[in-house]
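Single-letter residue listing:
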Amino acid sequence: MFDLKDIAQEDVHLFSYRELNILLDVNSGSIHVLDDAASDLFQAVMDKEDMDTIIDKYGEAAGQEAYQQLLAIQAEGLLGSKTDLDADSLLKEASYIKSLCLHVSHDCNLRCKYCFAGTGDFGGDRQLMSIDTAKKAIDFLLEASGPRPFCEVDFFGGEPLMNFDVVKDAVIYAKEASRKIGKEIRLTLTTNGMLLNEQVRRFLVEHKIKLVLSLDGRAEVNDFMRPTVSGRGSYERIIPNFQSMVEELDGMDYYLRGTYTKHNLDFSHDVEHMAGLGFRELSVEPVVAPEKEAYAISEEDFSALSEEYDRLVDLYLDYQQKGDPFNFFHFNINLEQGPCLSKRLRGCGAGFEYLAVTPRGDLYPCHQFVGQTEFCLGNVREGVKNKNISRTFKNTHIFNKKECPRCWVRFYCSGGCNANAYQQNGDLLTPYKTECLVQKKRLECAIYLKVKGMLNAEGEV
């Protein structure tokens, strides 16, 4: 009886979350809320099962209504749609650098146990970037960005505020140099907050610098993983700094960025703690570490993590209902326009649109590859010399990753993080499995929250 044809399993995703049956058309990004009959009928079609059981379960009238509902969606081109993305054409397009991660400090005043940067030195000497190198990096970016009107610089470390004088001079130089050629450089700084004093805060606010503030949540969680050089906790020192900073930002862009590990699989309590402190822009992400590490997360932890994301959904809704909402980074999703087209195939653009710069001026695909000399692309004074690395990263799109073309989440995660894949599997084209599981779970949560919010606004739920 069913006329739905040529719908591939990888082009749709049907799931039930709480009270909603949600059908995602992967290629168009369209979302459909189905009643139980339509949901069961569609699942039966995808499983190539006998539809008579659905008719028996719901009755002839309900079965026909469900059938017509699905046919109408298909007639609109929003069910089992095909993608028009052409990876070969995109690969031929000219690439311009749009963003630099400026490592102004390869030193840090914390000794975080999970630090991929080797407690700040990235496996080398502890050193600070000179203002000359910072200026050369900015000049390189402005030239390599080609026709792009906007560029981005993220001051990074280690702890970048350990080199605050260079940060200040580089900010002034970046604004003046970009203005002279009719461009704009947007600035971000990532900090652990230890040096976030009044003078620093005033400068950051004055120059409208976006901030990533590192905090892992509850005091005992944060201090266990993020001690100072002397081994003492950092929480009591940084919380007042962060609260003062956010108050002075007065609505400007920031977010608290935490990491959860094996030691706090109940990370929703850390999100709740940060929200309770008054912070409203939050992100907590799973640690990526070798399995031998005691804090590493593995696939066996996914059941517990799934429950935590469910609890986080409840927490998110509770704060909304109280009229005091917070934003959780991984729950932000735009359903009106589908997946972001610029990131559908290749994610962040590491290696060809986004580069990291060491204190000496060496160029790497991103901050997580810094120190792995086989990935060095060149230097800010000479430009990109090893173009093969850029070509390699440009080719790490979803159609070249074995598992990705058949995965429903492909256009939202864009194949996952290349650095995580390489660290875990020694291969840029083999995604990190635990990351994949987490991506799928939190995307289902994000879709549910978005749909529920839209239905509430329309008075349908």
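A quick note: this is a predicted structure, and the numbers were derived from the prediction, not measured.

Once that is clear, we can look at the overall build of the protein. When helices and strands are counted, the protein shows 15 helices and 16 strands. The C-alpha atoms of the protein give 24 Å as radius of gyration, which agrees with the globular expectation for 461 residues (23 Å, within 12%). Dimensions of the protein along its principal axes, counting C-alpha atoms only, are 75 × 50 × 45 Å. At a minimum sequence separation of 6, the contacts of the protein that also span at least 24 residues come to 71%. Summed over all atoms, the accessible surface of the protein reaches about 20,800 Å², with 47% contributed by carbon and sulfur.

Quick look at the packing of helix α10 (residues 268-276) against helix α11 (residues 302-321) now. Between α10 and α11, the least distance of the axes is 9 Å, while the angle of their chain directions is 25 degrees. Classed by the angle they form, the pair α10 and α11 counts as roughly parallel. Here S268, H269, V271, E272, A275 and G276 of α10 lie close against α11, whose contacting residues are E308, R311, L312, L315 and Y319. Looking at the contact of α10 with α11, its residues break down into 5 nonpolar, 3 polar and 3 charged.

Moving residue by residue along a regular strand, the side chains alternate between the two faces of the sheet. Where burial is concerned, most of strand β7 (residues 150-156) is hidden: 5 out of the 7 residues are buried. Bridge analysis of strand β4 (residues 99-103) against β7 gives 5 bridges, and the strand direction is parallel. Across the sheet, C101 pairs through a bridge with D154, a residue of β7. Sheet topology note: the β7/strand β8 (residues 184-191) ladder contains 6 bridges and is parallel. Paired with F155 across the two strands is L189, which belongs to β8. For the crossover that starts at β7, traverses helix α6 (residues 164-180) and ends in the parallel β8, the hand is right-handed.

This paragraph deals with the pattern of salt bridges. It is possible for side chains bearing opposite charge to pair when their charged atoms get close. Inspection of every chain in the model, using the stated rule, returns 27 salt bridges. The salt bridge partner of D107 is R126, with a shortest N-O separation of 3.0 Å. With D107 in the loop between β5 (105-106) and β6 (127-128) and R126 in the loop between β5 and β6, this pair connects stretches of sequence that are 19 residues apart. With a relative accessible area of 18%, D107 lands in the buried category. Salt-bridge contacts for R280 lead to D324; the nearest nitrogen and oxygen are separated by 2.6 Å. With a gap of 44 residues between them, R280 in the loop between α10 and β11 (281-286) and D324 in the loop between α11 and β12 (327-328) connect regions that are remote in the sequence. Given a relative accessible area of 18%, R280 falls into the buried group. For D324, a relative accessible area of 34% corresponds to the partly exposed category. Sharing partners across several salt bridges, the network here consists of D11, K82 and R410.

For the rest of this paragraph, the subject is the side chain of T396. Mapped onto the elements, T396 comes out in the loop between α12 (387-394) and α13 (410-413). Of note is the side chain of T396, whose polar atom sits 3.1 Å from the side chain of N418. Apart from residues lying up to four places away in sequence, T396 is in contact with L345, K401, N418, L428 and L429.

Counted residue by residue, β8 has 6 buried out of 8 residues, so it is predominantly covered. As paired strands, β8 and strand β9 (residues 210-214) are joined by 4 bridges and run parallel to one another. When the bridges of β9 are listed, L189 appears paired with L211. Taken together, β8, helix α7 (residues 198-206) and β9 form a β-α-β motif whose crossover is right-handed.

The angle between the axes and the distance between the axes are what describe a pair of packed helices. Taken N-terminus to C-terminus, the directions of helix α1 (residues 36-46) and helix α3 (residues 60-75) make an angle of 70 degrees; their axes are 8 Å apart at the nearest point. When the interaxial angle is binned, α1 and α3 end up roughly perpendicular. As α1 runs across α3, the sense of the crossing is right-handed. Contacts between α1 and α3 pair A37, A38, L41 and F42 from the former with A62, G63, A66, Y67, Q69 and L70 from the latter.

We now examine the sheet that holds strand β3 (residues 30-34). An order of β1-β2-β3 is seen for the 3 strands of this open sheet, with the pairing classed as antiparallel. A single partner strand is all that each edge strand has here, and the edge strands are β1 (12-17) and β3. Strand-to-strand twist across the sheet, computed as the mean angle between neighbouring axes with direction ignored, equals 25 degrees.

By the definition in use, this model includes 15 aromatic pairs. Aromatic side chains Y316 and F331 sit 5.8 Å apart centroid to centroid with 80 degrees between the ring planes, which places their arrangement in the edge-to-face category. In this pair, Y316 sits in helix α11 while F331 sits in the loop between β12 and β13 (354-357), placing the two residues 15 residues apart along the sequence. Residue Y316 shares its accessibility class with F331, and that shared class is buried. Where F369 meets F375, the ring centres are 4.7 Å apart and the plane angle is 50 degrees; that geometry is what we call tilted. Linked through ring pairs, Y316, Y319, F326, F328 and F331 together constitute an aromatic cluster. Above the ring of F224, the side-chain terminus of K113 is found at 3.5 Å from the ring centroid. The ring of Y319 is capped by K322, whose NZ or CZ atom sits 4.2 Å from the centre of that ring.

For the rest of this paragraph, the subject is the nonpolar core. Ranked by size, the top nonpolar core spans 119 residues in total, and within it F155, F326 and F331 carry the most contacts. Top contributing element to this core by residue count: helix α15 (residues 433-458), with 9 residues.

This paragraph deals with the sheet that holds strand β14 (residues 362-364). The strand order across the open sheet formed by 11 strands is β12-β11-β10-β9-β8-β7-β4-β13-β14-β15-β16, and the pairing between neighbours is mixed. Across the chains shown, the open sheet's two edge strands, defined by having one partner strand only, are β12 and β16 (383-384). Summarising the sheet, β9 and strand β10 (residues 254-260) pair through 4 bridges and their orientation is parallel. Across the sheet, V212 pairs through a bridge with Y255, a residue of β10.

Rules used throughout
Residues numbered from 1 in each chain as written. Predicted model: local features only at pLDDT ≥ 70, side-chain atom pairs only at ≥ 80, totals over all residues. Heavy atoms only, no water. Helix = DSSP H or I, 4+ residues; strand = E, 2+ residues; numbered from the N terminus. Rg over C-alpha atoms; globule rule 2.2 N^0.38 Å. Contact = heavy atoms within 4.5 Å. Areas by Shrake-Rupley, 256 points an atom, 1.4 Å probe, with all protein chains shown as cover. Axes fitted to C-alpha atoms, helices over the stretch in contact; angles between N-to-C directions. Parallel < 35°, antiparallel > 145°, perpendicular 65-115°, else oblique. Nonpolar A, V, L, I, M, F, W, Y, C, P; charged D, E, K, R; others polar. Buried < 20%, exposed > 50% of the residue type's maximum accessible area, 1.4 Å probe, protein only. Pairing = 2+ DSSP bridges. Right-handed = clockwise from strand over helix to strand, strands pointing away. Salt bridge = Lys/Arg side-chain N within 4 Å of Asp/Glu carboxyl O. Polar contact = N/O pair within 3.5 Å; in protein donor to acceptor, adjacent residues only side chain to side chain. Left-handed = near helix turned anticlockwise from the far one by under 90°. Phe/Tyr/Trp six-rings, centres within 6.5 Å; stacked < 30°, edge-to-face > 60°. Lys NZ or Arg CZ within 6 Å of the ring centre and 35° of its normal. Core = buried A, V, L, I, M, F, W, Y, C linked by side-chain atoms within 4.5 Å.

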